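Breakdown of the fold
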Amino acid sequence: MTSLTSFVGTIPQGTSHRFLHLPLRALAVGAAWLALAGATYALPEEGDFPYTATLAGAALFLGAATPLAAAFANRLGRFGASLAHWTPWLAVLALAFLAWELVTAKFALLPMPFFPPPQAILEVFLEDWPKLGGSILNSLKLLAGGYLIGAALGFAAGVAIGWSKTVGYWAHPILRFVGPLPATAWLPLAFFVFPSSWSASTFLVALATGFPVTVLTWSGVAGVNKAYFDVARTLGASPAFLVLRVAIPAALPHVFVGLFMGLGGSFAVLVVAEMLGVKSGLGWYLQWAQGWAAYANMYAALIVMALMCSGLITLLFRLRDRVLSWQKGLVQW
Amino acid sequence: MVAATRERPAAEIDPGRGGARLTVETVSHAFDIRGTPLPVLERVSLTVEPGRFVALLGASGCGKSTLLRLVAGLEPPDAGRIAVDGTAVTGPDPSRLLVFQDPTLYPWRTVRGNVALGLEARGLGRERAARADAALRLVGLDGFAEVYPHQLSGGMAQRAALARALVNEPRLLLLDEPLGKLDALTRLAMQAEILRLWQKARFTALLVTHDVEEALVLAERVVVLSDRPAAIRADIPVERPYPRHRDDPELVRQRREILGILGQPA
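Residues numbered from 1 in each chain as written. Chains lettered and ligands numbered in written order. Predicted model: local features only at pLDDT ≥ 70, side-chain atom pairs only at ≥ 80, totals over all residues.

**Side note on the sheet that holds strand S2 (residues 36-48) of chain B**
All names here are of chain B. Put simply, the test is: For two strands to be treated as a pair, DSSP must find at least two bridges joining them. In DSSP terms, a helix is any run of H or I states spanning at least four residues, a strand is any run of E spanning at least two, and both are numbered starting from the N terminus.
Pairing within the open sheet is antiparallel, and its four strands lie in the order S2-S1-S4-S5. Either end of the sheet is taken by a strand with one partner, and the two such strands are S2 and strand S5 (87-88). Strand direction decides the pairing type here: strand S4 (residues 79-84) and S5, joined by two bridges, are antiparallel. Bridging across to S5, Ala 83 finds its partner in Ala 88.

**Digging into the UniProt feature "domain: ABC transmembrane type-1" (unreviewed entry) in chain A**
Our working definition: UniProt positions are given in the numbering used here, feature names are shortened, and annotations may be inferred rather than shown by experiment.
Residues annotated by UniProt as "domain: ABC transmembrane type-1" (unreviewed entry) correspond here to residues 136-317 of chain A. Within the segment residues 136-317 of chain A, helix and strand shares are 85% and 0% respectively, and the terminal C-alpha atoms sit 21 Å apart.

**Section: the sheet that holds strand S6 (residues 96-99) of chain B**
Residue and element names in this part refer to chain B. We apply this condition: Note on method: axes are straight lines fitted to C-alpha atoms, helices fitted across the in-contact stretch only, with angles between N-to-C directions ranging 0 to 180 degrees.
With mixed pairing, the six strands of this open sheet are ordered in space as S6-S7-S8-S3-S9-S10. If you trace the sheet from one side to the other, it starts and ends with S6 and strand S10 (232-237), each paired once. The sheet shows a mean angle of 15° between the axes of neighbouring strands, taken without regard to direction. The pairing of strand S7 (residues 172-176) with strand S8 (residues 204-209) spans five bridges and is parallel. Counterpart to Asp 176 in the pairing with S8 is Val 208.

**Describing unusual backbone geometry**
All names here are of chain B. Condition: Whether a residue is buried, exposed or partly exposed is read from the other C-beta atoms within 10 Å of its own C-beta, which are placed from the backbone; 20 or more gives buried, 12 or fewer gives exposed, and intermediate counts give partly exposed.
The step from Tyr 242 to Pro 243 runs through a cis peptide bond, and the omega angle for that step is -10°. Within the fold, Pro 243 resides in the loop between S10 and helix H8 (249-261). For Thr 104, which is not glycine, the phi torsion reads 40° and is therefore positive. Inspection of the secondary structure puts Thr 104 in the loop between S6 and helix H2 (111-115). Residue classification places Thr 104 among the buried positions, given that 22 C-beta atoms sit within 10 Å.

**Brief notes about the UniProt feature "transmembrane region" (unreviewed entry) in chain A**
Residue and element names in this part refer to chain A. In the numbering used here, UniProt assigns the "transmembrane region" (unreviewed entry) feature to residues 22-43, 49-74, 86-109, 142-162, 174-194, 200-221, 242-272 and 292-317. Secondary structure content for residues 86-109 is 88% helix and 0% strand, while the C-alpha to C-alpha distance between its ends is 30 Å. Along residues 142-162 one finds 100% helix and 0% strand; the C-alpha atoms at either end are 30 Å apart.

**Looking at the interface of chain A and chain B**
Note the cut-off: What counts as a contact here is a pair of residues whose C-beta atoms, placed from the backbone, lie within 7 Å. Lys, Arg, Asp and Glu make up the charged group, whereas Ala, Val, Leu, Ile, Met, Phe, Trp, Tyr, Cys and Pro make up the nonpolar group; the residues left over, Gly among them, are polar.
Listed per partner, the contact involves 15 residues of chain A and 21 residues of chain B. Contributions of two or more residues to the side of chain A that touches chain B are made by helix H9 (226-234) and helix H10 (239-276) of chain A. In terms of residue count, the dominant contributor to the side of chain A that touches chain B is H9(A) (seven residues). Residue classes in the side of chain A that touches chain B are distributed as 10 nonpolar, three polar and two charged.

**Some words on the environment of A:Ser139**
Residue and element names in this part refer to chain A. Turning to its location among the elements, Ser 139 is positioned in helix H5 (residues 129-163). Judged by local crowding, Ser 139 falls into the buried class, with 26 C-beta atoms found within 10 Å. Residues contacting Ser 139, with those up to four places away along its chain left out, are Leu 270, Glu 274, Gly 281, Leu 282 and Met 308.

**Considerations on helix H6 (residues 165-178) of chain A**
Residues and elements named next belong to chain A. To be explicit about the condition: The span expected for a helix works out to 1.5 Å for each residue beyond the first. What the bend at a residue measures is the angle between two axes, fitted to the seven residues ending there and to the seven starting there.
Under the 1.5 Å per step criterion, the end-to-end length of H6 is 20 Å for 14 residues, consistent within 8% with the ideal 20 Å. Along H6, the helix axis deviates most sharply at Ala 171, where the bend reaches about 35°; the proline Pro 173 sits within four residues downstream. The buried fraction of H6 is low, at zero of 14 residues.

**Some remarks on the domain arrangement of chain B**
You'll often see interface size given as the accessible area lost when the parts meet. Residues and elements named next belong to chain B. Put simply, the rule is: Per the annotation, domain bounds derive from an automatic or database assignment of domains.
Each domain of chain B was delimited in the assignment, giving domain 1 (18-95 + 172-266) and domain 2 (105-169). Measuring from the centre of the C-alpha atoms in domain 1 to the corresponding centre in domain 2 gives 25 Å. Listed as interface residues are 11 residues of domain 1 and, on the opposing side, 11 residues of domain 2. Of all the elements, helix H6 (residues 184-201) adds the most residues to the side of domain 1 that touches domain 2, at six residues. For the side of domain 1 that touches domain 2, the per-class residue count stands at eight nonpolar, one polar and two charged.

**Observations regarding the UniProt feature "domain: ABC transporter" (unreviewed entry) in chain B**
Here the UniProt-annotated "domain: ABC transporter" (unreviewed entry) positions come out as residues 22-252 of chain B. Here residues 22-252 of chain B runs as 31% helix and 28% strand, with 29 Å between its end C-alpha atoms.

**Some thoughts on the pairing of strand S9 (residues 221-225) of chain B**
Residue and element names in this part refer to chain B. With respect to burial, S9 is a largely interior element, five of its five residues being buried. Here S9 shows no split at all, with Arg 221, Val 223 and Leu 225 on one side and Val 222 and Val 224 on the other all buried. With four bridges connecting them, strand S3 (residues 53-57) and S9 associate as parallel partners. Within S9, the position partnered with Leu 56 by the bridge is Val 223. Across five bridges, S9 lies against S10 in antiparallel orientation. Along S10, the bridge assignment pairs Val 223 with Asp 235. What sits between the antiparallel neighbours S9 and S10 is a turn of six residues.

What follows is the structure in structure tokens.
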């Protein structure tokens, strides 16, 4: 609700703002991309990069398209609004690319094989995309399997520990002793106990996810306002109702904190597991690129990995916003 | 000891539909504070005839809320017997409902979802929403069914809590200082509201309060409890007709009398 009102509230102000400054902003962002295009195309290079013209072309296209789109932003609906919001960032991005281009390809101020220019990374994306795409897919499969298993088991364990004193008695010392151990420490053991490196990695990802989900679900269930249970009990609720309709919904905000922490932890384990055991995935691609001193491939994989991780986090945020929509106006997100 | 309870003509009692008869026989109860028992109720005996409105009056922390929890069946008493319509209370039951000082609405459910809680818990699926909406109309909250509790004011939240109880058609309504946290004006409006609902539904009402005036305006009988451990100090019938006025000379006299019993300068 808060974000909605603040969003709605800025529209009139933003409109007048845009009328005054839009031409300037649109011209600035266009000029920045055109500068990148010009510098990339015209300046002599220290080295041989086959995709320099492609990069210059892409920059030229953006140099023409961004000011045009910005000028008509108010007719482009949601895309236009989001474009207007990101225009300053687009300009800074172009300048950053320009600086990167200058210190690498043009003036070779940074040591060459370790710091490739933008066109070298563009080359990786355009030529090596089947291998890169396959790696993303393999990483996602491994991550999804491990994460879902870990989240489901962690949630069930957390509810059981939070609800039942007996389960809590037995589980608490185990969690206290084993839980703080980083999941990556299990790696050597997992790779010879499990039949395949894939199942071992799934186990490790599930472990990294499961621990925070268990602990936070448990503390969420244990911390539910006791009066909620009194209310339900007087109204004739069964124990199953108390768990499913009272304890779990009341604990869900905590559960989501655990799911976020688990997702972060699962990324780390995934990459390490892929680097050391699994012969596929982005972690493996990174390792492989480093082995062949293909630094442009490494940067490309890092960019893809950043997009994947932030995309998954965004997805989880979306899910939380749906499931916990009742919290809007109650908690500052 | 049980004080004189006024007998009603048998014809007025409708055991099928109306209020329940509550009997509390020599109930004692203690809390366990780190191994040391802290007595909160001492041989409390009380009978409430069906459909009557009785107020339990005492200082804060004297044990009157504990008595309500025992009657609701949330805890068993250490000694003595509590019975409703002659049947011993062994656990919570939707025919005996407790309205707490805090509305304790579930923040993740809409107002309608909160009111329908009891129907849902007992698996009464049919016409659940319609019955919840009817209960909301009864407490003057129609139009707020889709709203979440945090969007309600204190008085509205307490109305929703009343609707959550009334939708189950309780025969005994236990009110644990339900107006304790409301501002003075809302309090007055809600007192009239509770009275109206009681007169309409004819449940037996047991109100715990530390507000002498509130007890006198609402109840047909005021049971005055001593400090912890709570024992019954006086059982005073209030015979003025409804609606009552705070400045009614008889009520003012009774207020002075009760404050005297509680050891307060009138």
